Amino acid sequence: MDNRQEVREFLTTRRARITPDQVGLPTTGSRRVPGLRRSEVASIAGLSVEYYARLERGQIAGASTGVLDALARALQLDETERAHLSDLARAADGIPTSGRPRRRTPSKAASRLSLQWTLEAITDGVAFVRDPQQNLIATNALGRVFYSPVIGDSGRTPNLARFQFLDPAARDFYPDWDLFAEMCVGVMRAEAGRDPHDRGLQDLVGELSTRSEIFRRLWADHNVRTHGSGTKRFNHPVVGELTLAYEELAITAEPGLVLLVYTAEPGSPSAERLQLLGSWAAQAETPTMNS
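On a predicted model such as this, the values are computed, not experimentally measured, just so you know. (Residues numbered from 1 in each chain as written. Predicted model: local features only at pLDDT ≥ 70, side-chain atom pairs only at ≥ 80, totals over all residues. Heavy atoms only, no water.)

Turning our eyes to something else, we now look at the overall build of the protein. On a plain count of helices and strands, the protein comes out with 15 helices and five strands. Looking at the protein as a whole, 45% of its 291 residues qualify as buried. Element-wise, carbon and sulfur atoms account for 50% of the exposed surface of the protein, whose accessible area totals about 14800 Å². One finds the centroid of the 35 positive side-chain charges in the protein at a distance of 7 Å from the centroid of its 36 negative side-chain charges. (Helix = DSSP H or I, 4+ residues; strand = E, 2+ residues; numbered from the N terminus. Buried < 20%, exposed > 50% of the residue type's maximum accessible area, 1.4 Å probe, protein only. Areas by Shrake-Rupley, 256 points an atom, 1.4 Å probe, with all protein chains shown as cover. Lys, Arg positive; Asp, Glu negative; His and termini not counted. Charge placed at Lys NZ, Arg CZ, Asp CG, Glu CD.)

In this section: the side chain of Asp131. Residue position: Asp131 is located in the loop between strand E1 (126-130) and strand E2 (136-139). Buried charge Asp131 goes without a salt bridge, the closest partner of opposite sign being Arg130 at 6.2 Å. Among the polar contacts listed, one links the side chain of Asp131 to the backbone nitrogen of Gln133, at a separation of 3.0 Å. Side-chain polar atoms of Asp131 contact the backbone nitrogen of Asn135, separated by 2.8 Å. (Salt bridge = Lys/Arg side-chain N within 4 Å of Asp/Glu carboxyl O. Polar contact = N/O pair within 3.5 Å; in protein donor to acceptor, adjacent residues only side chain to side chain.)

This next bit is on the side chain of Arg189. Among the structural elements, Arg189 can be located in helix H12 (residues 177-194). In this structure Arg189 comes out as buried when scored by relative accessible area, which is 1%.

Our focus in this paragraph is helix H1 (residues 3-16). Relative to the 20 Å expected for 14 residues at 1.5 Å per residue, H1 spans 20 Å between its end C-alpha atoms, a close match to the ideal helical length. Among the residues of H1, those classed as buried are Asn3, Glu6, Val7, Phe10, Leu11, Arg14 and Arg15. For H1, the angular spread of buried residues about the axis comes to 150 degrees, placing them on one side. Where H1 is buried, its residues contact helix H2 (38-45), helix H3 (49-56), helix H4 (65-74), helix H5 (79-92) and H12. A side-chain oxygen of the first residue of H1 lies 3.0 Å from the backbone nitrogen of Arg4; this N-cap is Asp2. (Expected span 1.5 Å × (residues − 1). Arc of directions from axis to C-beta. Contact = heavy atoms within 4.5 Å.)

A few words now on the sheet that holds E2. With respect to topology, five strands assemble into an open sheet ordered E2-E1-E5-E4-E3, the strand pairing being antiparallel. Whereas interior strands pair on both sides, the edge strands pair on one side only; in this sheet they are E2 and strand E3 (229-236). This sheet shows a mean twist of 30 degrees between the axes of neighbouring strands, independent of strand direction. Set on the sheet, helix H7 (residues 113-121) makes contact with E1, E2 and strand E5 (258-263); between it and E2 the angle comes to about 60 degrees. Against the sheet, H12 engages E1, E3 and strand E4 (240-250), with an angle of about 130 degrees to E3. (Pairing = 2+ DSSP bridges. Axes fitted to C-alpha atoms, helices over the stretch in contact; angles between N-to-C directions.)

Evaluation of the coordinates by the stated rule reveals 16 salt bridges. Put simply, Glu81 and Arg14 hold a salt bridge, and the shortest N to O gap is 3.0 Å. Here Glu81, found in helix H5, pairs with Arg14, found in helix H1; they are 67 residues apart in sequence, far enough to count as distant. With respect to class, Glu81 is no different from Arg14; both count as buried. The salt bridge involving Glu241 is made with Arg233; its shortest N-O contact spans 3.3 Å. Arg233 gets classed as partly exposed once you look at its relative accessible area, which sits at 29%. Several salt bridges share partner residues, and in doing so they unite Arg14, Arg17 and Glu81 into one network.

This part is about the packing of aromatic side chains. Under the definition given, this model contains 19 aromatic pairs. Look at Phe165 and Trp177: their rings are 5.9 Å apart centre to centre, the planes differ by 80 degrees, and that puts the pair in the edge-to-face class. Note that Phe165 is positioned in helix H10 (residues 160-166) and Trp177 in helix H12, a separation of twelve residues in sequence. Under the relative-accessibility criterion, Phe165 is labelled buried at 10%. Residue classification places Trp177 among the buried residues on the basis of a relative accessible area of 6%. Between Phe173 and Tyr174 the ring centres are 5.1 Å apart and the planes differ by 50 degrees, which places this aromatic pair in the tilted class. On the accessibility criterion, Phe173 (2% relative accessible area) is buried. Looking at Tyr174, the relative accessible area reads 4%, which means it is buried. Counting every residue linked through ring pairs, the aromatic cluster contains Phe128, Phe146, Tyr147, Phe163, Phe173, Tyr174, Phe180, Phe234, Tyr246 and Tyr262. The ring of Trp219 has Arg189 sitting right over it, with the charged end atom 3.9 Å from the ring centre. (Phe/Tyr/Trp six-rings, centres within 6.5 Å; stacked < 30°, edge-to-face > 60°. Lys NZ or Arg CZ within 6 Å of the ring centre and 35° of its normal.)

Structure below.
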């Protein structure tokens, strides 16, 4: 990915979304561009117009922490966007992957027995490991049944982004498909900023941009997000609608990989349906007497 282009498009899209009213500026006269003018951002950030123009052209290498903080305040960036801007600046300075240790291949992580044992020890929730390319590389028993529409039977490593944008079944599985699409692209954007030389992620973005007009449009928005925690709705083909809370945990032994766990509120209809799905999963995992 072209770092200068990434910086240019990120800053221009952030500037375009802020109205003069939001920063206390008068709106007199005609405005040829949406959002703030370059000169207005420069003034708010305490930078010269010439220097800010250089930054917005993508020439961010060497920008100090103070400059980045001033830009973040002027453009009203949230914490994820601030981190993304810092990642882009580090990449411009030649500092890879936000200073994190080199990532190992997902296959090595997926084959680590202790990681699989940990997943299988989680019996009342959906647990799985996801890599930066949105590959679902390991699951517990309940996760295998829960994500059966994603996993399928093709033998290819299941990929949450490909399922989201290329599989018609995703619109049934995700009742809030549009929201999920925005979340998926935002997470991928943040990952691309952390490691712009991730060839697997670059290839995935290229594939989805070619095959999905919606992905292409969302990618051009340059929105970023972290997953963290929250609530999602699913429509599972076996048990129907589920509302599940999720928590995302970094796997420190495998930089770049995350463990996600989905659980239901105790005593809720979703908890009953998840328990039913768990029973169904246990039966599917148990060998028959004649096997």
